[in-house]
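Summary of structural features
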Amino acid sequence: MRGGAGRLWPGLVLLAEAQRAQGKISAVIPTLESIISIMLLQAVAAVNTVEEQRARWERKRSRTAKELVETEQKYLEQLDLVTTYFVTILKAKGTLQPAVREAIFGLLESIHCTSQILLLHLERGHLELGLEGFCQKLELYGHYAENLEQAKKTLQEQVKKNKAFCRFKKLQESRPEFLGWQLEDLLPLPLQRLHQYKHLFRDLMENTSPDSVEFQYLAKAVKSVSEVSQWVHSTIRSHENSMQLLRVQKLLKGQKTKVLTPGRWYIQEGWLMVVPTKGEEAKRKMFFLFSDILVATKPCHPLHPLNSDKFSCQAVYPLSQCTVDKVFGHTQSQGGLLSLSFPHKTLLLMSSNQEDINNWYLNLTTAIRQLKASPTFVHQKEYLTEQPVSLRDAHTVQEMCQDF
């Protein structure tokens, strides 16, 4: 606007001189005054817009700061329930052995102390001091996450076999302060609070002037919390994967096929039709896809006294030697066919469900690509146990899929 006004002003002066020479100066003066008034009003409006935006930021910042304090107070009250009515009393009573007590509650007391200090600074308006000390203790949350599943398991064991602890636990949970919460509900609180920290600190940072000292502390806090959150997420994901591997291992008859291998990740499972050699019928089998292998199984006999609910492993296919092609199923057809090629074998897998075959294709190709890009994966030497299938039989498969 300033540049435009600068260019406009000399022209207006020349126009005024010309009009003055013609005796029309009285008509020009109102025109100049109108333009100047408009320019001033626009400048004032721009200033008002900036001030309004700053005011909105300040209001949002105040609301977020208030929410941070109030939720921290609530969080601390809940931690107090565990440290006061469980940890402190259990130490005095000796109901649990020190190692067992440590296995259940771990770093909870340290996290509780960290929260007390943070809240003290927040209530006094010392955000920088609070964040600085808090960031130095954030690793506690990562280590707490690593021990949480073991803590839950130890707690369940003690509830079952330690009658004195079981009675003590029920008595404490019946206190009105607990509001119906059980100890199992309170143990995951630090991880839930960590997720809240990430959003609250980010909201505060986004509504704080980048030139202020507080912004620098908030930016550091957001970065630190995000890193620890990723650590926690990886820990949880690793535990869930271990549970999936263990589940599949228990589903397989015998111990010949080792599913529980370091570095292996569970991806998918489901029923697919295997297209055999020419002249034979397609066979329905259960497949388990992992990050480095594909396991083909068939259900055990339903009348088997021990393994009626299990699967018998028929083949283990190493993905490091596999290429996948979609023979058909590229369009919105009824299902599709995948061709899995190995050095000495071709496996044809078929499904009548279009979405299902697409998911298998996507997961297989992604697993193979990631496997070849990350040679550090641990692989076992697995051997194929079925006879090769020729691709010349693929042209008959579309009719079979339509009948399936």
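Our subject is the structure listed above.
Fair warning: this is a prediction, and the values are worked out from it, not measured in the lab.

The next point concerns the side chain of Thr 297. As for its placement among the helices and strands, Thr 297 is situated in strand 3 (residues 293-299). On the basis of relative accessible area, Thr 297 is assigned to the buried category, the value being 0%. Beyond its immediate stretch of four places on either side in the chain, Thr 297 contacts Leu 252, Lys 285, Met 286, Phe 288, Phe 311, Ser 312, Cys 313 and Gln 314.

As a further point, take unusual backbone geometry. Notably, Leu 179 is not glycine yet its phi reads approximately 50°, a positive angle. Checked against the element boundaries, Leu 179 lands in the loop between helix 7 (163-173) and helix 8 (183-186).

Counted according to the given criterion, the structure contains 13 aromatic pairs. With 5.7 Å between their ring centres and 85° between their planes, Phe 86 and Phe 168 make a pair best called edge-to-face. Taken as a pair, Phe 86 in helix 2 (residues 25-93) and Phe 168 in helix 7 lie far apart in primary sequence, 82 residues in all. Residue classification places Phe 86 among the buried residues on the basis of a relative accessible area of 0%. On the accessibility criterion, Phe 168 (8% relative accessible area) is buried. Ring geometry for Tyr 266 versus Phe 290: centroids 6.1 Å apart, planes at 70°, classification edge-to-face. Note that Tyr 266 is positioned in strand 1 (residues 266-274) and Phe 290 in strand 2 (residues 283-290), a separation of 24 residues in sequence. In textbook terms, an aromatic cluster arises when at least three aromatic residues are bridged by ring pairs, as seen for Tyr 85, Phe 86, Phe 105, Phe 168 and Phe 178. A cation over a ring is seen here: Arg 237 above Trp 265, with NZ or CZ 4.3 Å from the ring centre. Above the ring of Trp 271, the side-chain terminus of Arg 284 is found at 4.1 Å from the ring centroid.

Attention shifts here to the sheet that holds strand 5 (residues 323-328). One open sheet accounts for seven strands, arranged 4-3-2-1-7-6-5; its pairing is antiparallel. Strands at the two margins of the open sheet, each flanked by one partner only, are strand 4 (311-318) and strand 5. Adjacent strand axes in the sheet meet at a mean angle of 35° when their direction is disregarded. With two bridges joining them, strand 1 and strand 7 (residues 345-351) adopt antiparallel strand pairing. Across the sheet, the residue bridging to Val 274 is Leu 349, located in strand 7.

Running from amino to carboxyl end, helix 6 (residues 139-161) crosses helix 10 (residues 213-251) at an angle of 10°, the nearest separation of the two axes being 9 Å. Between helix 6 and helix 10, the angle is such that the two are roughly parallel. Of helix 10, the residues touching helix 6 (which contributes Glu 139, Tyr 141, Gly 142, His 143, Ala 145, Glu 146 and Glu 149) are Val 228, Trp 231, Val 232, Thr 235 and His 239. Split by residue class, the contact of helix 6 with helix 10 holds five nonpolar, four polar and three charged.

It is worth spelling out the pattern of salt bridges at this point. Across all of its chains, the model carries nine salt bridges by this definition. Two residues, Glu 173 and Lys 169, come together in a salt bridge whose shortest N-O distance is 2.8 Å. One end of the pair, Glu 173, and the other, Lys 169, are both in helix 7, four residues apart, so they sit about a helical turn from each other. For Glu 173, a relative accessible area of 10% translates into the label buried. Between Asp 292 and Arg 264 there is a salt bridge, with the nearest N and O atoms lying 2.8 Å from each other. Taken together, the residues span a long stretch of sequence, with Asp 292 in the loop between strand 2 and strand 3 and Arg 264 in the loop between helix 10 and strand 1 at a distance of 28 residues. With relative accessibility at 2%, the residue Arg 264 sits in the buried group. Among the charged side chains, a network of salt bridges with common partners joins Lys 169, Glu 173 and Glu 184.

Parameters and conventions
Residues numbered from 1 in each chain as written. Predicted model: local features only at pLDDT ≥ 70, side-chain atom pairs only at ≥ 80, totals over all residues. Heavy atoms only, no water. Helix = DSSP H or I, 4+ residues; strand = E, 2+ residues; numbered from the N terminus. Buried < 20%, exposed > 50% of the residue type's maximum accessible area, 1.4 Å probe, protein only. Contact = heavy atoms within 4.5 Å. Phe/Tyr/Trp six-rings, centres within 6.5 Å; stacked < 30°, edge-to-face > 60°. Lys NZ or Arg CZ within 6 Å of the ring centre and 35° of its normal. Pairing = 2+ DSSP bridges. Axes fitted to C-alpha atoms, helices over the stretch in contact; angles between N-to-C directions. Parallel < 35°, antiparallel > 145°, perpendicular 65-115°, else oblique. Nonpolar A, V, L, I, M, F, W, Y, C, P; charged D, E, K, R; others polar. Salt bridge = Lys/Arg side-chain N within 4 Å of Asp/Glu carboxyl O.

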